[in-house]
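Read off the chains here:
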Protein chains: 2
Amino acid sequence: MKDLVFDFISKYISLTEDERNAILSTDLFQSVKKGTVLLREGQKSKESYFVLKGCIRVYYIKDGEEKTTAFCTEMDAFTPHCVINKTPSEYFISCVEDTTLTVSNSEMEAEINSKFPKFEIMCRMLSEELLAKQRIDFDEFKTSSPEQRYLNLLQKRPDLIQRVPQHQLASYLGIKPQSLSRLRSRILEKSKE
Amino acid sequence: MKDLVFDFISKYISLTEDERNAILSTDLFQSVKKGTVLLREGQKSKESYFVLKGCIRVYYIKDGEEKTTAFCTEMDAFTPHCVINKTPSEYFISCVEDTTLTVSNSEMEAEINSKFPKFEIMCRMLSEELLAKQRIDFDEFKTSSPEQRYLNLLQKRPDLIQRVPQHQLASYLGIKPQSLSRLRSRILEKSKE
DNA sequence: TAAAATCGTTCACTTAAGTGAAGAAATGAT
DNA sequence: ATCATTTCTTCACTTAAGTGAACGATTTTA
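All of these numbers come straight from a predicted model, not from anything done at the bench. (Residues numbered from 1 in each chain as written. Chains lettered and ligands numbered in written order. Predicted model: local features only at pLDDT ≥ 70, side-chain atom pairs only at ≥ 80, totals over all residues. Heavy atoms only, no water.)

Before going further, it helps to spend a moment on the protein's contact with DNA strand D. In the vicinity of DNA strand D there are 14 residues, among which A:Gln166, A:His167, A:Ser181, B:Ser179 and B:Arg186 approach most closely. Backbone atoms, meaning sugar plus phosphate, form 69% of the atoms of DNA strand D positioned within 4 Å of the protein. Within the backbone of A:Gln166, a nitrogen or oxygen atom sits 2.8 Å from a phosphate oxygen of DNA strand D. One of the side-chain nitrogen or oxygen atoms of A:Ser181 is found 3.1 Å away from a sugar or linking oxygen of DNA strand D. For the surface near DNA strand D, the elements supplying multiple residues, two or more each, are helix 8 (166–172) and helix 9 (177–192) of chain A together with helix 9 (177–192) of chain B. (Near = heavy atom within 4 Å. Polar contact = N/O pair within 3.5 Å; in protein donor to acceptor, adjacent residues only side chain to side chain. Helix = DSSP H or I, 4+ residues; strand = E, 2+ residues; numbered from the N terminus.)

If you want it as structure tokens, here you go:
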């Protein structure tokens, strides 16, 4: 399982024995049960996540309703806004499934980065990449209809539709659960013809 | 005008005389006329932008229609996806107004970063910050209606509504120009009551 | 300055999403 | 195993966005 982290890192930089050990000595790995809440609204956290197995979900509670805005699955990294901004969190993060992930705190990261400048480079590359990728996702969202977004998701992350409850998917697609249900049956009708 | 860049940088790191000169020697600054296209679909570019004055616009052309997805104004940085990914660009970037900006290419950035590790740190901080901020914007977009998005924009970037054509704003809000027009008159009616 | 092109608004109509309610199905708890 | 809760779907109705067209108003360009 720990190899997955090193596989991931190797996409950006190559590590010496020392550097590998520095990471392993930090006791990053956690296994959490389905339903566990990792971060709550209002909380001040310094923790970043990297999902090895399972699925975590980012959601707001507005007018008593859950609004899901992100799912992180295998090999997804997530640093909450509150960590960067040092403000109370605007949202919750919880586990959709039993999940294995790394949890790193920002002070520890800063320490490793200053000890091994290579990590600084990796973090820069990774966040630049994620920024650009997220912008494309945002662009696709803006320029397509709910139905197109659903079909797009079916292409790009077919697993999500299986492993995640419909009503959570709905707000992820920017619509209500009833609309997702209707939209799905509309698509089904079309494909029959 | 060049001071603006150093004001911006000073939010992240402090510079020595040497470092300032390294930047100034790179001949980064450009003034471009309204309507100039900085990047075209299909093009392979290595250029990143930082707007000092004016406004640039990111847009796709799908089915012969322009779909605007971003506006960068004073103090906004933008690195196109194609620069990070080394693929042909999916979108166009052009100037909404006469614009003064810095244009830096990724090779030059890499050189400066390796010469002055401080810059590497700044780039990491900046892209982490933009990533987190953009995620919040995306979340807001997903969880609100076109009307709420418009009112939100009116709060956060009131200048945009003045300086940008309505039909470009419309796709930025994820709707058609006619819908934006209708939505605006609906809001006007409400405020009269 | 005159003609042409672009832009913003309005209208009538169509399509799809929001809402509230109801019921079936699946899930979780005791 | 049963009861309770949650989840998903369906329905009728409301609201708002998409579409195509028309018409000034503005801007561009020749």
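Once that is clear, we can look at the sheet that holds strand 3 (residues 47–53) of chain A. All names here are of chain A. Spatially, 1-8-3-6 is the arrangement adopted by the four strands of the open sheet, whose pairing is antiparallel. Strands at the two margins of the open sheet, each flanked by one partner only, are strand 1 (29–32) and strand 6 (77–78). Where strand 1 lies against strand 8 (residues 99–105), four bridges are found, and the strand directions are antiparallel. Looking at the pairing, Phe 29 lines up with Thr 102 of strand 8. Here helix 1 (residues 2–9) sits on the sheet in contact with strand 1, strand 3 and strand 8, set at roughly 110° to strand 3. Helix 4 (residues 106–115) contacts strand 3 and strand 8 of the sheet and is inclined by roughly 70° relative to strand 8. (Pairing = 2+ DSSP bridges. Contact = heavy atoms within 4.5 Å. Axes fitted to C-alpha atoms, helices over the stretch in contact; angles between N-to-C directions.)

Residue and element names in this part refer to chain A. Phi at Asp 63 is positive, roughly 50°, even though this residue is not glycine. Owing to a relative accessible area of 80%, Asp 63 belongs among the exposed residues under this scheme. The phi dihedral of Met 75 is positive, around 75°, even though this residue is not glycine. Mapped onto the fold, Met 75 is located in the loop between strand 5 (65–72) and strand 6. (Buried < 20%, exposed > 50% of the residue type's maximum accessible area, 1.4 Å probe, protein only.)

All names here are of chain A. The domains assigned to chain A are domain 1 (2–126) and domain 2 (144–193). Taking only C-alpha atoms into account, the centre of domain 1 sits 28 Å from that of domain 2. Each partner contributes residues to the interface: domain 1 has 16 residues there, and domain 2 has ten residues. For the pair domain 1 and domain 2, the two sides together bury roughly 940 Å², of which 46% comes from carbon and sulfur. Here Lys 176 and Glu 65 are joined by a salt bridge, their closest N and O atoms 3.6 Å apart. Counting residues per element, the side of domain 1 that touches domain 2 draws most heavily on strand 5, which supplies eight residues. Tallied by class, the residues present in the side of domain 1 that touches domain 2 amount to five nonpolar, four polar and seven charged. (Domains from an automatic or database assignment. Buried area = accessible area lost by both parts, 1.4 Å probe. Salt bridge = Lys/Arg side-chain N within 4 Å of Asp/Glu carboxyl O. Nonpolar A, V, L, I, M, F, W, Y, C, P; charged D, E, K, R; others polar.)

Here we come to the sheet that holds strand 4 (residues 56–62) of chain A. Residue and element names in this part refer to chain A. Pairing is antiparallel across the open sheet formed by four strands, whose spatial order is 2-7-4-5. With partners counted over all chains shown, the strands left at the sheet margins are strand 2 (37–39) and strand 5, one partner each. Averaged over all pairs of adjacent strands, the angle between strand axes in this sheet comes to 35°, irrespective of strand direction. Here strand 2 runs beside strand 7 (residues 92–95); their pairing, made up of two bridges, is antiparallel. For Val 37, the partnering residue across the bridge sits in strand 7 and is Ser 94.

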